[in-house]
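# Close look at the chain arrangement
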Amino acid sequence: MTVKAKICGLGSEAAVAAAAAGGARFVGFVFYPPSPRAIAAARAAELGRAVPAGIAKVGLFVDAADAAIADVLAAAPLDMLQLSGDETPRRVKDIRRRFGLPVMKALRLASAADVAAADAYLPVADWLLFDAKPPPEMAGALPGGNAISFDWSLLAGRSWSRPWMLAGGLTAGNLAAAVAATHAAAVDVSSGVEDSPGRKNPEKIAAFLELAASL
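One structure accompanies this document, and this report is about it. (Residues numbered from 1 in each chain as written. Predicted model: local features only at pLDDT ≥ 70, side-chain atom pairs only at ≥ 80, totals over all residues. Heavy atoms only, no water.)

## Things to note about the environment of Val51
Our working definition: By definition, any uninterrupted DSSP run of H or I lasting at least four residues is a helix, any uninterrupted run of E lasting at least two residues is a strand, and each is numbered from the N terminus. Any two residues whose heavy atoms approach within 4.5 Å are treated as being in contact.
Mapped onto the secondary structure, Val51 falls in the loop between α2 (41-48) and β3 (56-61). Excluding residues that lie within four positions of it along the chain, Val51 makes contacts with Val16, Val27 and Lys57.

So this is what it looks like as structure tokens:
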């Protein structure tokens, strides 16, 4: 089985080219200003033009208003919306209906209760994404891309009626173990293919994707 991979937080032509050449199935652009990976919609449009057909362009939003999402979509065509904030199931449903695009809901996990909360999103989201919940003492934590993992055993033996992705501190060094523990069919990486926050390394992208394709 080839594990599908999403390279998130792209901001350069070289990173987009590496993701495309390596066989990424999804590329992510961040529209959350506090993130070091955030880019303007016009820049995402430029980068998106180099994304080949068949690779989904995903826009990451965090508790964004409809107007903010609409402004991005007016400039940068996207194939999917990723909601990485505290959006409720009702909010997810409303966004999906208003914009007519598939929606991926990111959920931050630290306990079995967090996993159970995913069930409420099954009727309204097209995808689920499981990420690590930052510990309370972690200063400056972002909704994702914090280079931390969660206890993968929380997902062991679980299945959902929607497709899902595993995220949270993944690297080429721990990807095989993560997939073995969770049986994830799709994974998301951001910080794990960077030299520093927001600076993607094309060689790390290539190595991660080569490994994902072999699993």
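## Brief notes about the pairing of strand β1 (residues 4-7)
This is how the line gets drawn: Two strands qualify as a pair provided DSSP detects at least 2 bridges between them. Crossover handedness is defined here as right-handed if the route from the first strand over the helix to the second strand goes clockwise, with the strands pointing away from the viewer.
Here β1 runs beside strand β8 (residues 186-189); their pairing, made up of four bridges, is parallel. From the neighbouring strand, Lys4 faces β8, where its bridge partner is Ala186. Relative to strand β2 (residues 26-30), β1 is paired through two bridges, and the arrangement is parallel. Pairing of Ile7 across the sheet is with Val27, part of β2. After leaving β1, the chain enters helix α1 (residues 13-22) and then returns to the sheet as β2, a path that is right-handed.

## Here we look at the packing of helix α3 (residues 66-75) against helix α4 (residues 89-99)
When two helices pack together, their arrangement is given by the angle between the helix axes and by the axis-to-axis distance. How we decide: In this analysis, axes come from line fits to C-alpha atoms, helices being fitted only over the stretch in contact, and the angle between any two N-to-C directions falls in the range 0 to 180 degrees. Crossing handedness is defined as follows: a turn of the near helix away from the far one that is anticlockwise and smaller than a right angle gives a left-handed crossing, while the clockwise case is right-handed. When residue character is reported, Ala, Val, Leu, Ile, Met, Phe, Trp, Tyr, Cys and Pro are called nonpolar, Asp, Glu, Lys and Arg charged, and the others, Gly included, polar.
At their nearest, the axes of α3 and α4 sit 12 Å apart, and the two run at 35° to each other. The element α3 and its partner α4 pack so that their crossing is right-handed. Facing Asp66, Ile69, Ala70 and Leu73 of α3, the residues of α4 in contact are Arg91, Ile95, Arg98 and Phe99. Here the contact of α3 with α4 is composed, by residue class, of five nonpolar, no polar and three charged.

## Focus: the environment of Ile205
Note the following rule: Buried, partly exposed and exposed residues are distinguished by accessible area as a fraction of the type maximum, computed with a 1.4 Å probe on protein chains only: under 20%, between the cut-offs, and over 50%, respectively.
Of note, Ile205 is situated in helix α7 (residues 202-214). Residue classification places Ile205 among the buried residues on the basis of a relative accessible area of 0%. On a C-alpha basis, the gap between Ile205 and Ala15 in space is 7.5 Å, while along the polypeptide they are 190 residues apart. Setting aside chain neighbours within four positions, we find Ile205 in contact with Ile7, Leu10, Ala15, Ala18, Ala19, Val193 and Lys200.

## Structural notes on the pattern of salt bridges
For clarity, the threshold we go by: A pair is scored as a salt bridge if a Lys or Arg side-chain nitrogen falls within 4 Å of a carboxyl oxygen belonging to Asp or Glu.
Taken as a whole and judged by the stated rule, the model has 14 salt bridges. The closest approach of N and O atoms between Asp188 and Lys6, which form a salt bridge, is 2.4 Å. In this pair, Asp188 is assigned in strand β8 and Lys6 in strand β1, connecting sequence segments 182 residues apart. By the burial criterion, Asp188 is buried, and Lys6 matches it. Shared partners join several salt bridges into a network, and the residues in it are Glu13, Arg43 and Glu46.

Honestly, that's just the spatial picture; any functional story needs more than this.
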